[in-house]
Number of protein chains: 2
Amino acid sequence: MAKLTNRKNGSRKEMISLAAARLFREKGFASTGMRDLAGDVGVEAASLYNHIRSKSELLQEICFRVANDFTAQLQEVENDNTMSSIEKLEAIVRFHVTMWVNRLDEVMVTNNESKYLEEPYNATFLNERRIYVRRLEQIIEEGITKGQIRKVQPYSVVLTLLSAVRGIEFWHRTKKNISAAELEESMIIHLVEGLKK
Amino acid sequence: MAKLTNRKNGSRKEMISLAAARLFREKGFASTGMRDLAGDVGVEAASLYNHIRSKSELLQEICFRVANDFTAQLQEVENDNTMSSIEKLEAIVRFHVTMWVNRLDEVMVTNNESKYLEEPYNATFLNERRIYVRRLEQIIEEGITKGQIRKVQPYSVVLTLLSAVRGIEFWHRTKKNISAAELEESMIIHLVEGLKK
DNA sequence: AAACAAAACTAACAGGTGTTAGTACAATTA
DNA sequence: TAATTGTACTAACACCTGTTAGTTTTGTTT
């Protein structure tokens, strides 16, 4: 037994990681037991250890996978010389909205549960986040210098942008009122439009 | 022994609640043990039960104290006929900023740990939040009707406003760059100014 | 059919969980 | 001084935690 099962539903490990992300989001990392996770996957708790090394490893993989995706997209935007600073900012916010809409479990775990990462992973994660914030600040500073963005506090604006999208968590519970596309446009107008000079 | 000690440092129960709020924020509700809490208070775990009924009760009191403070302030704003809709919105956002700046522990516990409330408290809490959001939407709708606020999606704007202030969590770690007052003004400009018609 | 490897199982571990019962001490009130 | 009250203590409970060791089942490959 091996490759066929793997190709059918994605590897067993991926299934476990996906279930873990959902449980970690819903119940929190500390409150999610390996027996809960096993139950969701349809297996005994001990069997999980044929596929993963530890509960911590699951959290690490989720957090750094998400962090890398955010960083990779930022890199792309930074390298694109055709965009103005405000367009870069808009692209980044749109990406954040998309992530919160399409990958809620992983993104929320990364936001809310990363504090349970063991050292040195926690320190590394916090450092990567600090650098990410700094790079966003630089885009804003550049926009101000070039006269494309109003004079604002770059640090405050970055904090606001990164946190504002967390509201999408609540949108997921009541999707009926407003579509994802409408939500995205509305947020862009509210958060980015007002920064234009 | 009784009243003198009570008057000296606030009642023992208040000390416990304060320590609990800090620990629940730092380590999360589930990861905070009664032995951790007792250690912080300077007492054995079992002794806590002379003052509190349960760990859950501590969380309930924190969450509903904060929820009531937010609701009370909203009520005041709603009753003030001298304010325009945009001024009401600004006052509410300023209050949220102040709460996040001055009462971080309690507010973060209320935001992040309320899911650990036992029933029926959890359901009650979520319902109160839903109503709070609805009342904010109504202020925005009224502002649009009266021509004081741009045509926006009220629901999206409320989600954005309520979540944006969560960024203040990160400001607390690096207060040196920008003062609380500057932060508040910057956020008001970013979040509220752009809504004016 | 035999051999192999992946992945499931059962049983158990050492330590941690919130909480209760019963008791002792120390300070205030009668 | 005696009684009372508030608050601390120790010991223990039933249960839950992540993880391991060793074994058996399962499906595929030779």
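Since the model is a prediction, treat every value here as computed from it, not as a measurement.

### Remarks on the overall build of chain A
- What chain A contains, in helices and strands, is 10 helices and 0 strands.
- Helices (α) and strands (β) of chain A occur, in sequence order from the N terminus, as α-α-α-α-α-α-α-α-α-α.
- With respect to the principal axes defined by its C-alpha atoms, chain A has extents near 60 × 40 × 35 Å.
- In chain A, which comprises 197 residues, the proportion classed as buried is 34%.

### Structural notes on the relation of the copies chain A and chain B
- Superposing chain A onto chain B requires a rotation of 180 degrees together with a translation of 0.0 Å along the rotation axis, leaving an RMSD of 0.0 Å. Here the transformation between the copies is reduced to the relation of a two-fold axis. Proximity to the rotation axis, assessed at the C-alpha, singles out A164 of chain A in chain A; its C-alpha lies 2.0 Å from the axis.
- When the interface residues of chain A are mapped onto chain B, 100% of them are again interface residues, pointing to one common binding face.

### Some words on the confidence of the model for chain A
- Looking at chain A as a whole, its pLDDT mean stands at 93, while 95% of the residues score no less than 70.
- A low-confidence stretch, residues 1–8 of chain A (pLDDT under 50), is modelled with 1 contact involving residues beyond four sequence positions or located in other chains.

### Quick word on the interface of chain A and chain B
- Counting from both sides, the interface comprises 29 residues of chain A and, opposite them, 29 residues of chain B.
- Elements represented by at least two residues in the side of chain A that touches chain B include exactly α8 (154–164), α9 (168–171) and α10 (180–191) of chain A.
- Among the residues making up the side of chain A that touches chain B, the classes are represented as 14 nonpolar, 12 polar and 3 charged.

### Digging into unusual backbone geometry
- Each neighbour pair has its own omega, and for E119 of chain A with P120 of chain A the value is 5 degrees, a cis peptide bond.
- Residue placement: P120 of chain A occurs in the loop between α6 (104–112) and α7 (121–145).

### Observations regarding the packing of helix α5 (residues 85–102) of chain B against helix α10 (residues 180–191) of chain B
Residues and elements named next belong to chain B.
- Running from N to C, α5 and α10 point in directions that differ by 145 degrees, and their axes come no closer than 10 Å. Helix-helix and strand crossings are classified by hand; for α5 and α10 the assignment is right-handed. Residues E90, V93, R94, V97 and V101 of α5 form the contact with α10, whose own contacting residues are A180, E184, M187, I188 and L191.
- Classifying every residue of the contact of α5 with α10 by side-chain character gives 7 nonpolar, no polar and 3 charged.

### Some points on the environment of I188 of chain B
- Relative to the helices and strands, I188 of chain B resides in helix α10.
- I188 of chain B sits 27 residues away from L161 of chain B along the chain, and the two C-alpha atoms are 9.9 Å apart.

### With respect to the nonpolar core
- Ranked by internal contacts, the top residues of the largest apolar core, which has 86 residues, are A20, L59 and V158 of chain A together with A20, L59 and V158 of chain B.
- In this structure V158 of chain B touches V133, L136, E137 and I140 of chain B, once residues within four positions along its chain are discounted.

### Concerning the environment of I168 of chain A
All names here are of chain A.
- By secondary structure assignment, the location of I168 is in helix α9.
- For I168, a count of 25 C-beta atoms within 10 Å gives the class buried.
- Measuring from C-alpha to C-alpha, the distance between I168 and K115 comes to 21 Å, with 53 residues separating the pair along the chain.

### Some details on α8 of chain A
- α8 of chain A sits mainly inside the fold: 11 of its 11 residues count as buried.
- Within the span of α8 of chain A, buried status applies to P154, Y155, S156, V157, V158, L159, T160, L161, L162, S163 and A164 of chain A.
- In this structure, the buried side of α8 of chain A is in contact with α5 (85–102), α7 and α10 of chain A together with α8 (154–164), α9 (168–171) and α10 of chain B.

### Comments concerning the environment of S85 of chain A
- Along the chain, S85 of chain A turns up in helix α5.
- Among residues more than four places away in sequence, those in contact with S85 of chain A are I139, E142, G143, K146, Q148 and I149 of chain A.

### What to know about the packing of helix α4 (residues 55–79) of chain A against α7 of chain A
Residue and element names in this part refer to chain A.
- Between α4 and α7, the least distance of the axes is 11 Å, while the angle of their chain directions is 20 degrees. Between α4 and α7, the crossing angle belongs to the class labelled roughly parallel. The two elements α4 and α7 meet at a crossing, and its hand is left-handed. Every residue of α7 that contacts α4 at Q60, C63, A67, F70, T71 and L74 is listed here: Y121, F125, E128, Y132 and R135.
- Grouping the amino acids of the contact of α4 with α7 by side-chain chemistry returns 7 nonpolar, 2 polar and 2 charged.

Calculation notes
- Residues numbered from 1 in each chain as written.
- Chains lettered and ligands numbered in written order.
- Predicted model: local features only at pLDDT ≥ 70, side-chain atom pairs only at ≥ 80, totals over all residues.
- Helix = DSSP H or I, 4+ residues; strand = E, 2+ residues; numbered from the N terminus.
- Buried ≥ 20, exposed ≤ 12 C-beta atoms within 10 Å, placed from the backbone.
- Least-squares fit on C-alpha atoms with pLDDT ≥ 70 in both.
- Contact = placed C-beta atoms within 7 Å.
- pLDDT = per-residue confidence, 0-100.
- Nonpolar A, V, L, I, M, F, W, Y, C, P; charged D, E, K, R; others polar.
- Axes fitted to C-alpha atoms, helices over the stretch in contact; angles between N-to-C directions.
- Left-handed = near helix turned anticlockwise from the far one by under 90°.
- Core = buried A, V, L, I, M, F, W, Y, C linked by C-beta atoms within 7 Å.
- Parallel < 35°, antiparallel > 145°, perpendicular 65-115°, else oblique.

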